[in-house]
Amino acid sequence: VSTERFLNALDKGIGFAGAALALDHGDVQRPAQGVSSGDGVIFGDRLCRIVPDSVREIPWESPTRNLLFLADFEEPEGPLQPRNVYRRVLARARAQGLRAFHSSEYEFTMFEETPRSVREKDYRGLRLATLDNSYHLMLRQGVGSGFYNALMDCCKRMDIPLEGVHEEMGAGFMEAALAYGEGVRAADDAMLFKTVAKIVAQRHDKLITFMARWSNRADGQSGHIHVSLRDEQGDPVFHDPSEPRGMSRTMRHFVGGVQRLLPEFLILFGPTVNSFRRYQPW
């Protein structure tokens, strides 16, 4: 947006289509209370508030237009926005004297393709960036240093705490690990990393996917979420040396809650048909 509009939005907010909360990755309308109904999606602009402390620097833009800000929907879309869902969970944790810390670890596949080439091929016969298993192989890391360095530098400029990126055990298979953080900021980092990684890849004439399994012949990919809780003084509450295996009662209840609510959590944990292509019967 223009500088004038941005400065005005800082004070008065900015209009954005609420339909963004009711469209999936293919722009298919989905039911969302207050946003879409049987008659379709409400495409009128709704009020958003820019979050000043969410500012990031975009490395590939000119100095006059290189800032990225996140924005939060206000009512009635506010409760549906993922950042606000997170805040509600965080508030419940804080009411119990707990602080939430977490980080994300992403696996993805990289192709020697472009968005246009994969469509022209009907997503068949795709060329992988590497042909063999190459876990932490220095040869592969050296050959692919242009992409790796660009991704590391980009994340540093955007204040995304990328600790490392390397090749995993599978053709074209990669892994990236983010450092842990507290609260919604860590979730913002995880979301932005996926988009930034795709941009950097395409700027290097490559294409990456985070799909759970892009082919029945390919290795499965996952997104690991590492979670810990601390008390208000910053001390970890999951560890207790007096308990079996050092697992505190708080951690046992935490794990039990995850197991109990896993069926409901699958709407987030496995949101697409492709998600289930990686699961195996227990």
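What you see is a predicted model; the values in this text were computed from it and never measured.

Definitions and cut-offs
- Residues numbered from 1 in each chain as written.
- Predicted model: local features only at pLDDT ≥ 70, side-chain atom pairs only at ≥ 80, totals over all residues.
- Heavy atoms only, no water.
- Pairing = 2+ DSSP bridges.
- Helix = DSSP H or I, 4+ residues; strand = E, 2+ residues; numbered from the N terminus.
- Expected span 1.5 Å × (residues − 1).
- Buried < 20%, exposed > 50% of the residue type's maximum accessible area, 1.4 Å probe, protein only.
- Axes fitted to C-alpha atoms, helices over the stretch in contact; angles between N-to-C directions.
- Contact = heavy atoms within 4.5 Å.
- Lys, Arg positive; Asp, Glu negative; His and termini not counted.
- Salt bridge = Lys/Arg side-chain N within 4 Å of Asp/Glu carboxyl O.
- Core = buried A, V, L, I, M, F, W, Y, C linked by side-chain atoms within 4.5 Å.

Pairing between strand β1 (residues 14–17) and strand β4 (residues 45–57): 4 bridges, direction antiparallel. Looking across to β4, one finds that Phe 16 is bridged to Arg 46. Bridge analysis of β4 against strand β5 (residues 67–73) gives 6 bridges, and the strand direction is antiparallel. Of the residues in β5, the one forming a bridge with Glu 57 is Leu 67.

Here helix α6 (residues 184–203) spans 29 Å end to end across 20 residues, near enough to the 28 Å set by a 1.5 Å rise per residue. Those residues of α6 that sit buried are Val 184, Ala 186, Asp 188, Asp 189, Ala 190, Leu 192, Phe 193, Val 196, Ala 197, Val 200 and Ala 201. Within two residues after α6, Asp 205 carries a phi angle of roughly 60°, on the positive side.

Turning to the sheet that holds β5, a few remarks are in order. Taken in spatial order, the 3 strands make up an open sheet running β1-β4-β5, and their pairing is antiparallel. Strands with a single pairing partner mark the edges of an open sheet, and in this sheet they are β1 and β5. Within the sheet, the average angular offset between the axes of one strand and its neighbour, ignoring direction, is 55°. Docked against the sheet, helix α1 (residues 3–12) engages β1, β4 and β5, running at close to 110° with respect to β4.

Relative to the elements of secondary structure, Glu 175 occurs in strand β8 (residues 173–178). There is no salt bridge for the buried Glu 175, and the closest opposite charge comes from Arg 278, which lies 8.7 Å off by N-O distance. Excluding anything up to four places from it in sequence, Glu 175 contacts Glu 105, Tyr 106, Glu 107, Phe 108, Gly 164, Val 165, His 166, Glu 168 and His 224.

This paragraph deals with unusual backbone geometry. In the Ramachandran plot, Asp 122 falls in the positive-phi region, its phi being about 55° despite a non-glycine side chain. The residue Asp 122 is located in the loop between α3 (115–120) and α4 (138–143) in this model. Positive phi, close to 60°, is recorded for Asp 205, a residue that is not glycine. In this fold, Asp 205 is placed in the loop between α6 and β10 (207–209).

This part covers the nonpolar core. Ranked by size, the top nonpolar core spans 24 residues in total, and within it Leu 151, Ile 160 and Phe 193 carry the most contacts. Broken down by secondary-structure element, the contributors of at least two residues to this core are β6 (98–111), α5 (145–157), β7 (162–167), β8 and α6. At 7 residues, the largest contribution of residues to this core is made by α6. Not counting residues within four places of it along the chain, the set of residues in contact with Ile 160 comprises Arg 56, Cys 155, Leu 178, Asp 189, Leu 192, Phe 193 and Val 196. One finds Ala 100, Val 184, Leu 229 and Val 237 within the second-largest nonpolar core, a separate group that totals 9 residues.

The final tally for this structure, using the stated rule, is 13 salt bridges. In this structure, Asp 189 and Arg 56 form a salt bridge, with 2.8 Å as the shortest nitrogen-oxygen distance. In this pair, Asp 189 is assigned in helix α6 and Arg 56 in strand β4, connecting sequence segments 133 residues apart. Note on Asp 189: relative accessible area 6%, which makes it buried. According to the relative accessible area criterion, Arg 56 is buried, its value standing at 3%. The shortest N-O distance in the salt bridge between Glu 182 and Arg 99 comes to 2.9 Å. Highlighted residues: Glu 182 in strand β9 (residues 181–182) and Arg 99 in strand β6, separated in sequence by 83 residues. Among the residues examined, Arg 99 registers a relative accessible area of 26% and is labelled partly exposed. Each of Arg 56, Asp 159, Arg 185 and Asp 189 takes part in one network of salt bridges that share partners.

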